[in-house]
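Take a look at the letters that make up each chain.
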Amino acid sequence: MTDLTGRFGLIVGVANKRSLAWAIAQAAGRAGARLAITYQGERLEENVRELSASLDAPLILPCDVTDDAQVADVFAAIGREFGGLDFVLHGAAFAPRAELDHPFVDTTRDGFRTALDISAYSLIALARGAAPLMAARGGGSIVTLTYLGSTRVVPNYNVMGVAKAALEASVRYLASDLGPRNIRVNAISAGPITTLAAKGISGFTGFLQAYRERAPLKRNIDASEVADTAVFLLGPAGRGITGEVLIVDAGYHVMGV
Ligand code: NAD
Ligand code: IMJ
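Residues numbered from 1 in each chain as written. Chains lettered and ligands numbered in written order. Predicted model: local features only at pLDDT ≥ 70, side-chain atom pairs only at ≥ 80, totals over all residues. Heavy atoms only, no water.

Draft legend 1. Focus on the site of ligand 2. If you check the shell around ligand 2, you find 15 residues, and the closest are A95, Y147, Y157, A197 and I201. For ligand 2, a nitrogen atom lies 2.7 Å from a polar atom in the backbone of A95. Note that an oxygen atom of ligand 2 is positioned 2.7 Å from one of the side-chain N or O atoms of Y157. About the coverage of ligand 2: the protein hides 88% of its 600 Å² of free accessible area. Taken together, the residues that form the shell around ligand 2 break down as 13 nonpolar, 1 polar and 1 charged. (Near = heavy atom within 4 Å. Polar contact = N/O pair within 3.5 Å; in protein donor to acceptor, adjacent residues only side chain to side chain. Areas by Shrake-Rupley, 256 points an atom, 1.4 Å probe, with all protein chains shown as cover. Nonpolar A, V, L, I, M, F, W, Y, C, P; charged D, E, K, R; others polar.)

Dropping the structure here:
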């Protein structure tokens, strides 16, 4: 049920070995999938090429999700090389640093636009590009990564919380649009994990500690737990699930106090 042998996948959001998207790429690769992996800008190309050397014949492509032409080129290359697509993992997110440092009420128009464009609109653009390639294979599965700051106030998460709320709503609308073509769309809401996107966030160690103390499992989660959930949703085991936000946080969110 977690076998992805013979399946083609696209992974967006690998920056380094700590990236959740990289943990998911490795797990999907181990499950037998052949992968296209994108990098955002030349600065990250070498990183992604080196990591991907451990995968079986990966397709490495540039993709800044704010660039429509690069997004189109990704799907053109996948069409040429794979002839179809079974799954997409979306793990791109960004807000300008100042938006996470300043009070939410001071969110700038430009910071809002950037955060929503990269962190939420990009899922819609990728889903639109992937849909014909997935339909050619009889269906597909799209998974994105989100955080509790979409529905609860988390200090400093700020405009990223608004972007994740938009992302989760987009999951539901995309699930409705693409369901008739047997394409599922889901999100995994992960607890805090030390990655590049968490580095330097003021008080991040405090977040990890609060989760460890309050979560029913009395510990933090790691990237492999997100990856195993992703392989489940991306593959046949998840075939009855769409439009869902699946929470992988050691139970933290169920606690009232
Ligand atoms: P990460 O920094 O490794 O990944 C973020 C990725 O976004 C990077 O690969 C970066 O290159 C990419 N990105 C940013 N702007 C882009 C653009 N314009 N075009 C293409 N790609 C772009 O950190 P991560 O923690 O692995 O984050 C992956 C996802 O997981 C994000 O959506 C994040 O919100 C989510 N998430 C992370 C945590 C956590 O605690 N680390 C918790 C819940 C959800
Ligand atoms: C980020 C900020 C504040 C609190 C946070 C986070 N908590 C967690 C994160 C509690 C878990 C990490 N997260 C879920 C994210 O989605 C991070 C996104 C992010 C991080 C940065 C840092 C560097 C930068 N811009 C960013 N944009 C988005 O310049």
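Draft legend 2. Region of the structure containing helix α1 (residues 20-30). The buried fraction of α1 amounts to 8 of the 11 residues, a majority that puts the element mostly inside the structure. Residues of α1 that are buried include every one of L20, A21, W22, A23, I24, A25, A27 and A28, and no others. Structurally, α1 contributes buried residues whose contacts are with β1 (8-12), β2 (34-39), α2 (42-52), β4 (87-90), β5 (140-146) and α8 (223-234). Just past α1, the residue G32 takes up positive phi, approximately 110°. (Buried < 20%, exposed > 50% of the residue type's maximum accessible area, 1.4 Å probe, protein only. Helix = DSSP H or I, 4+ residues; strand = E, 2+ residues; numbered from the N terminus. Contact = heavy atoms within 4.5 Å.)

Draft legend 3. Quick look at the site of ligand 1. Neighbouring ligand 1 are 26 residues, the closest being G13, S19, L20, I193 and T195. Between A15 and ligand 1, the recorded distance is 3.2 Å, taken from a backbone N or O atom to an oxygen atom. With respect to ligand 1, the side chain of Q40 contributes an N or O atom lying 2.8 Å from an oxygen atom. For ligand 1, whose accessible area on its own is 810 Å², the fraction buried by protein is 93%. Across the shell around ligand 1, the residue classes tally to 17 nonpolar, 7 polar and 2 charged.

Draft legend 4. Looking closely at the pattern of salt bridges. Counted according to the given criterion, the structure contains 5 salt bridges. Note that R113 is salt-bridged to D110, the shortest N-O span being 3.3 Å. Residue R113 and its partner D110 are located together in helix α5 (residues 109-135), separated by 3 residues, close to a single helical turn. (Salt bridge = Lys/Arg side-chain N within 4 Å of Asp/Glu carboxyl O.)

Draft legend 5. Here's a closer look at the pairing of β1. Counting buried positions along β1 yields 5 of 5 residues, so the element is predominantly enclosed. Here β1 shows a buried face lined by F8, L10 and V12 and a second buried face lined by G9 and I11. Sheet topology places β1 next to β2; 4 bridges connect them, and they run parallel. The partner of I11 across the bridge, within β2, is I37. With respect to chirality, the unit in which β1 leads through α1 into the neighbouring parallel β2 is right-handed. (Pairing = 2+ DSSP bridges. Right-handed = clockwise from strand over helix to strand, strands pointing away.)

Draft legend 6. Highlighting the sheet that holds β1. Here 7 strands make up an open sheet; going across it, the order is β3-β2-β1-β4-β5-β6-β7 and the pairing parallel. Strands at the two margins of the open sheet, each flanked by one partner only, are β3 (59-62) and β7 (245-248). In this sheet, neighbouring strand axes are inclined to one another by 20° on average, regardless of whether the strands run parallel or antiparallel. In this structure, β4 lies alongside β5, joined through 4 bridges in parallel fashion. For F87, the partnering residue across the bridge sits in β5 and is S141. Across the sheet, α1 touches β1, β2, β4 and β5, and the angle it forms with β2 is around 165°. Sheet contacts for helix α6 (residues 159-178): β4, β5, β6 (183-190) and β7; angle to β5, the most-contacted strand, approximately 170°. (Axes fitted to C-alpha atoms, helices over the stretch in contact; angles between N-to-C directions.)

Draft legend 7. Inspection of unusual backbone geometry at higher detail. Phi at N182 is positive, roughly 60°, even though this residue is not glycine. The topology assignment puts N182 in the loop between α6 and β6. Notably, K218 is not glycine yet its phi reads approximately 55°, a positive angle. Among the secondary structure elements, K218 is positioned in the loop between α7 (204-214) and α8.

No statement about biological role is implied by the geometric values presented.
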